[in-house]
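Spelled out from the first residue to the last, the chains are:
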Amino acid sequence: LASAGGELKNDRELVLTAAQHDGWALFFAPKQFRSDRELVLVAVRQNGGALRFAAAELRGDKEVVLAAVRQNGLALSDAAQNLCRDRDLVVVAVQQNAQALRFAAEELKSDRKLVLMAVLQDGMALSFAAPLLCRDREVVLEAVRQNGLALKFAAEELRSDREVVL
């Protein structure tokens, strides 16, 4: 699609086919297609990162964002702010990629269950947890078991705890 001539780029069927093969085709698509819900859904299902090229109203559409984060949890970074507060959607993003916790609303970074889910998958996700949870012994233990380098993000008192360090 990047090298297609003007008339071809305006051919919806061609753009749809290109997006089915590579969601990033949305980057090269004319603006009118970035607001085309069906086309954007096809693109983000193929590559969640294509969400960044969708029109703002579709980055606020829960179904579109859900499709994107199922494919790539980090697509949460391009979701509308209100969706970053949606626990169910954030859970899906974190299950796909624990690092998606970075883009969750602050109140969800204090959600013990969500943070525990993230650090069990990737201990380094502790770096995105609320300070209160960086003092939670169980959360920190799980993070450090998964990745010893996560100790760096634990509260000072836990970095001095023999069991946590070992």
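Quick note: structure is the one above.
Computed from a predicted model, the values in this text were never measured in an experiment.

Undergrad: Help me understand the packing of helix α9 (residues 112-121) against helix α11 (residues 137-146) in this model?
TA: A pair of packed helices is characterised by two quantities: the angle between their axes and the separation of those axes. Relative orientation of the contacting elements α9 and α11 amounts to 15 degrees, with a least axis distance of 7 Å. In terms of axis orientation, α9 runs roughly parallel to α11. You can see that α9 and α11 cross each other, and the crossing is left-handed. Contact residues: α9 offers R112, V115, L116, V119, L120 and Q121, while α11 offers E138, V139, E142, A143 and Q146. When its residues are assigned to classes, the contact of α9 with α11 shows 6 nonpolar, 2 polar and 3 charged.

Undergrad: Can you walk me through the pattern of salt bridges in this structure?
TA: In a structure, side chains of opposite charge can pair up when their charged atoms sit close to one another. Going through the model one piece at a time under the given rule, you end up with 16 salt bridges. Taking the shortest distance from any N to any O, the salt bridge between R12 and E38 comes out at 2.7 Å. Of the two residues, R12 is situated in helix α2 (residues 12-21) and E38 in helix α5 (residues 37-46); the sequence distance between them amounts to 26 residues. Residue E156 is joined to R159 by a salt bridge in which the shortest nitrogen-to-oxygen separation is 3.2 Å. In this pair, E156 and R159 both sit in helix α12 (residues 156-159), 3 residues apart, roughly one turn of the helix. Residues joined in a network through salt bridges with shared partners are R12, E13, D36 and E38.

Undergrad: Looking at this model, I keep getting lost on α9. Mind explaining?
TA: Given 3.6 residues per turn, any residue in an α-helix points the same way as the ones three and four places further on. Here α9 has its buried residues at L114, V115, L116, A118 and V119. Looking at the buried positions of α9, the neighbouring elements they touch are α8 (87-96), α10 (131-134) and α11. Where α9 begins, one side-chain oxygen reaches toward the backbone nitrogen of K113, 3.1 Å away; that side chain belongs to D111.

Undergrad: Just to check I follow, could you spell out the packing of aromatic side chains for this structure?
TA: Two numbers describe a pair of aromatic rings. These are the distance of the centres and the angle of the planes. Across all of its chains, the model carries 3 aromatic pairs by this definition. Judged by centre distance (4.8 Å) and plane angle (85 degrees), the rings of F27 and F28 are edge-to-face. For F27, a relative accessible area of 43% puts it in the partly exposed group. With a relative accessible area of 35%, F28 lands in the partly exposed category. Through a chain of ring-to-ring contacts, the aromatic side chains of W24, F27, F28 and F53 assemble into a single cluster.

What counts, and at which threshold
- Residues numbered from 1 in each chain as written.
- Predicted model: local features only at pLDDT ≥ 70, side-chain atom pairs only at ≥ 80, totals over all residues.
- Heavy atoms only, no water.
- Axes fitted to C-alpha atoms, helices over the stretch in contact; angles between N-to-C directions.
- Helix = DSSP H or I, 4+ residues; strand = E, 2+ residues; numbered from the N terminus.
- Parallel < 35°, antiparallel > 145°, perpendicular 65-115°, else oblique.
- Left-handed = near helix turned anticlockwise from the far one by under 90°.
- Contact = heavy atoms within 4.5 Å.
- Nonpolar A, V, L, I, M, F, W, Y, C, P; charged D, E, K, R; others polar.
- Salt bridge = Lys/Arg side-chain N within 4 Å of Asp/Glu carboxyl O.
- Buried < 20%, exposed > 50% of the residue type's maximum accessible area, 1.4 Å probe, protein only.
- Polar contact = N/O pair within 3.5 Å; in protein donor to acceptor, adjacent residues only side chain to side chain.
- Phe/Tyr/Trp six-rings, centres within 6.5 Å; stacked < 30°, edge-to-face > 60°.

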